[in-house]
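Observations on the model geometry
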Amino acid sequence: MENTGHFFVFEGIDGSGKSTQIRLLKEKIEELGVRCMETKEPTDGPIGSLVHQCMTGRTSADEYSIAALFAADRLDHLLNESDGLCGKIQDGITVLSDRFIFSTYAYQSVNIPLEWLIQMNSQATEILRPDCHIFIDVDPEVAMERITAGRFHTERYETTEQLTKVRSRYYQLFDRFQGQESVLIVDGNQSVDDIAKDIWQYVAPFYDIAETR
């Protein structure tokens, strides 16, 4: 698929600060007069809402069923006729997504064979490939401190032990998909402004802007 707009995905363990950086990047892109939208996975659509219920424990499901729901939600996210990402990008809109395919691989391959997950999501990866996966790397203990300080409850994968495994998985995946996927690793232990500068330095050339620190 030839993109008219751009597609940037933000990745990282829970508590890494993705939401803040998505907001800041959106502001920078819109200052250029470029249309830009935020989105996330799982979505707020019908399938994504069921995923959220599974993640918070309101609905019981096994790991394979949850993984299948994630894959179905992703396809709907891309192809939905009313607000699918493929249509938005074809219309020239830059899309910033909080999580995409690497989240599925990193989080769910802790309990499910990676090859099964790759096969389950193969259609989505053929349909749309991000311009870049922006990985904000933070220490799992710091991430857990942020999570517990800002919420009344934690989700299925939110323990220090689990986040440590997931962070390690991310790096294994980046090695495996080197040359296939574009990945930017950003030090998430910096200040919010310095993280944003690192991201913008990479993203600016997509809009024919040379940015220096």
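Residues numbered from 1 in each chain as written. Predicted model: local features only at pLDDT ≥ 70, side-chain atom pairs only at ≥ 80, totals over all residues. Heavy atoms only, no water.

1. Quick word on the sheet that holds strand S2 (residues 36-40)
- Pairing in this open sheet of 5 strands is parallel, and the strands run S2-S3-S1-S4-S5 from one edge to the other. This sheet does not close on itself; its edge strands, each paired only once, are S2 and strand S5 (183-187). Taking each pair of neighbouring strands and ignoring which way they run, the sheet shows an average axis angle of 20°.
- Here strand S1 (residues 7-11) runs beside strand S3 (residues 94-98); their pairing, made up of 4 bridges, is parallel. From the neighbouring strand, Val 9 faces S3, where its bridge partner is Ser 97. (Pairing = 2+ DSSP bridges. Helix = DSSP H or I, 4+ residues; strand = E, 2+ residues; numbered from the N terminus. Axes fitted to C-alpha atoms, helices over the stretch in contact; angles between N-to-C directions.)

2. Considerations on the environment of Asp 73
- Tracing the backbone through its elements, the reader meets Asp 73 in helix H3 (residues 63-79).
- By relative accessible area, which is 1% here, Asp 73 ends up buried.
- It is 8.3 Å that separates the C-alpha atoms of Asp 73 and Val 51, two residues lying 22 residues apart in sequence. (Buried < 20%, exposed > 50% of the residue type's maximum accessible area, 1.4 Å probe, protein only.)

3. Digging into the nonpolar core
- In this structure, Phe 7, Ile 13, Leu 78, Tyr 105 and Tyr 170 are the most contacted members of the largest nonpolar core, which totals 35 residues.
- Those elements giving two or more residues to this core turn out to be S1, H3, helix H4 (85-90), helix H5 (101-108), helix H6 (114-120), helix H7 (122-127), helix H8 (140-150) and helix H9 (160-176).
- Apart from residues no more than four positions distant in its own chain, Ile 13 is found in contact with Arg 99, Tyr 107, Val 138, Asp 139, Pro 140, Ala 143, Leu 163, Val 166, Arg 167 and Tyr 170.
- If you look at the next biggest cluster of nonpolar residues, it comprises 18 residues, including Cys 36, Ile 134, Ile 136 and Val 186. (Core = buried A, V, L, I, M, F, W, Y, C linked by side-chain atoms within 4.5 Å. Contact = heavy atoms within 4.5 Å.)

4. Structural notes on the packing of aromatic side chains
- Per the counting criterion, the structure on display carries 13 aromatic pairs.
- Ring centres of Phe 7 and Phe 100 lie 5.3 Å apart, and the angle between their planes is 85°; this geometry places the pair in the edge-to-face category. With Phe 7 in strand S1 and Phe 100 in the loop between S3 and H5, the pair connects residues that are 93 residues apart, well separated along the chain. Like Phe 100, Phe 7 is buried.
- Judged by centre distance (5.2 Å) and plane angle (90°), the ring pair of Phe 102 and Phe 174 falls under edge-to-face. Placement of Phe 102 in helix H5 and of Phe 174 in helix H9 is noted, with a sequence separation of 72 residues between them.
- A relative accessible area of 1% means that Phe 102 is categorised as buried.
- Over the ring of Phe 100 we find Arg 74, and its NZ or CZ is 5.2 Å from the ring centre. (Phe/Tyr/Trp six-rings, centres within 6.5 Å; stacked < 30°, edge-to-face > 60°. Lys NZ or Arg CZ within 6 Å of the ring centre and 35° of its normal.)

By themselves, these figures tell us nothing about what the structure is for.
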